[in-house]
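A closer look at the structure
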Amino acid sequence: MQDIVIQGLCKAFDGKQVLRDFSAALPAGQVTGLMAPSGAGKTTLLRILMGLETPDRGTITGLEGLRLSAVFQEDRLCENLNPVSNLRLVTPALSRTAAAEALAAVGLTDCQRQPARELSGGMRRRVAILRALLAEYDLLFLDEPFKGLDQETKEIVMADTRRRCAGRTVLFVTHDPAELEALGAVQRLELS
Ligand SMILES: Nc1ncnc2c1ncn2[C@@H]1O[C@H](COP(=O)(O)OP(=O)(O)OP(=O)(O)O)[C@@H](O)[C@H]1O
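Residues numbered from 1 in each chain as written. Predicted model: local features only at pLDDT ≥ 70, side-chain atom pairs only at ≥ 80, totals over all residues. Heavy atoms only, no water.

1. Examining the packing of aromatic side chains
Applicable threshold: By convention, a stacked pair of Phe, Tyr or Trp rings (six-membered ring in the case of Trp) has centres within 6.5 Å and planes under 30 degrees apart, an edge-to-face pair has planes over 60 apart, and any other such pair is tilted. Only DSSP runs of H or I covering at least 4 residues are called helices, and only runs of E covering at least 2 are called strands; the numbering of each starts at the N terminus. For the exposure calls, accessible area comes from a 1.4 Å probe over protein chains only, and a residue counts as buried if that area is under 20% of its type's maximum, exposed if over 50%, partly exposed in between.
Under the definition given, this model contains 1 aromatic pair. Between Phe 146 and Phe 172, the aromatic rings sit 5.8 Å apart at their centres with planes inclined by 75 degrees, giving edge-to-face as the arrangement. Of this pair, Phe 146 sits in the loop between strand E6 (139–143) and helix H5 (151–165) while Phe 172 sits in strand E7 (residues 169–173), and the two are 26 residues apart along the sequence. Here Phe 146 falls in the buried class, since its relative accessible area comes to 2%.

Encoded structure:
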């Protein structure tokens, strides 16, 4: 595993500069936090790292051949599939039993046979988070993953996430410094 190094990244949309000469390193096997006000370009940076957006200038090294996984701000579940099937769609090697146990560990027990469209927002969020965490990946992106969870559920999910992410390279976007601490982030990047 090698660090991911971002140098001099620039991105503008319709003449509006969003990323201005942004440089940073994401240490391999660690959680890096990214905090900035709304609209500062956090999601844009993630999208560039994921290859979904092209930068105007700058370089990124260390991404070659990496398997990526992500929790987006939206759940993006398959609405007609139940939670177990949503997890196994992305990770077919995951057994039904392992999927059920992972769901139960974050409080999702009774809803395992219900289609995603019938789940509450907080239930859907937990399925979306687990789907990313259980996938086979080398680099994980978390874009405000815990938004909308009540405090008690959030504590459980953050502890589960931290355990599953141990030793993995993670870029974690949040507005809450307490969440960075809960996930054991080693550094906090800021976008001006
Ligand atoms: N595809 C696009 N076309 C035009 N403008 C865009 C596009 N994507 C992002 N932007 C603009 O770039 C700016 C940064 O957006 P971005 O979503 O990266 O911010 P953010 O820091 O993630 O915000 P938030 O915390 O609200 O999620 C915003 O002004 C947004 O409107």
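2. Topic: the environment of Lys 11
What counts is decided by this rule: Any two residues having at least one pair of non-hydrogen atoms within 4.5 Å are treated as being in contact.
Within the secondary structure, Lys 11 sits in strand E1 (residues 4–13). A sequence separation of 47 residues divides Lys 11 from Gly 58, and the C-alpha atoms of the two residues are 9.1 Å apart. Residues within four places of Lys 11 in sequence aside, it is in contact with Lys 16, Gln 17, Val 18, Leu 19, Thr 44, Ile 48, Glu 53, Thr 54, Pro 55 and Asp 56.

3. Here we look at the pairing of E7
To keep things clear, this is the line we draw: Pairing between two strands is assigned when DSSP locates at least 2 bridges connecting them.
Where burial is concerned, most of E7 is hidden: 5 out of the 5 residues are buried. Burial along E7 is two-sided: Thr 169, Leu 171 and Val 173 and Val 170 and Phe 172, pointing in opposite directions, are all buried. Strand direction decides the pairing type here: strand E3 (residues 31–35) and E7, joined by 4 bridges, are parallel. When the sheet's bridge partners are listed, Thr 32 is paired in E7 with Leu 171.

4. Some words on the side chain of Arg 125
Positionally, Arg 125 belongs in helix H4 (residues 121–134). Excluding residues that lie within four positions of it along the chain, Arg 125 makes contacts with Val 71, Phe 72, Gln 73, Glu 74, Asp 75, Glu 144, Pro 145, Lys 147 and Leu 149.

The values reported here are purely geometric and, on their own, carry no functional implication.
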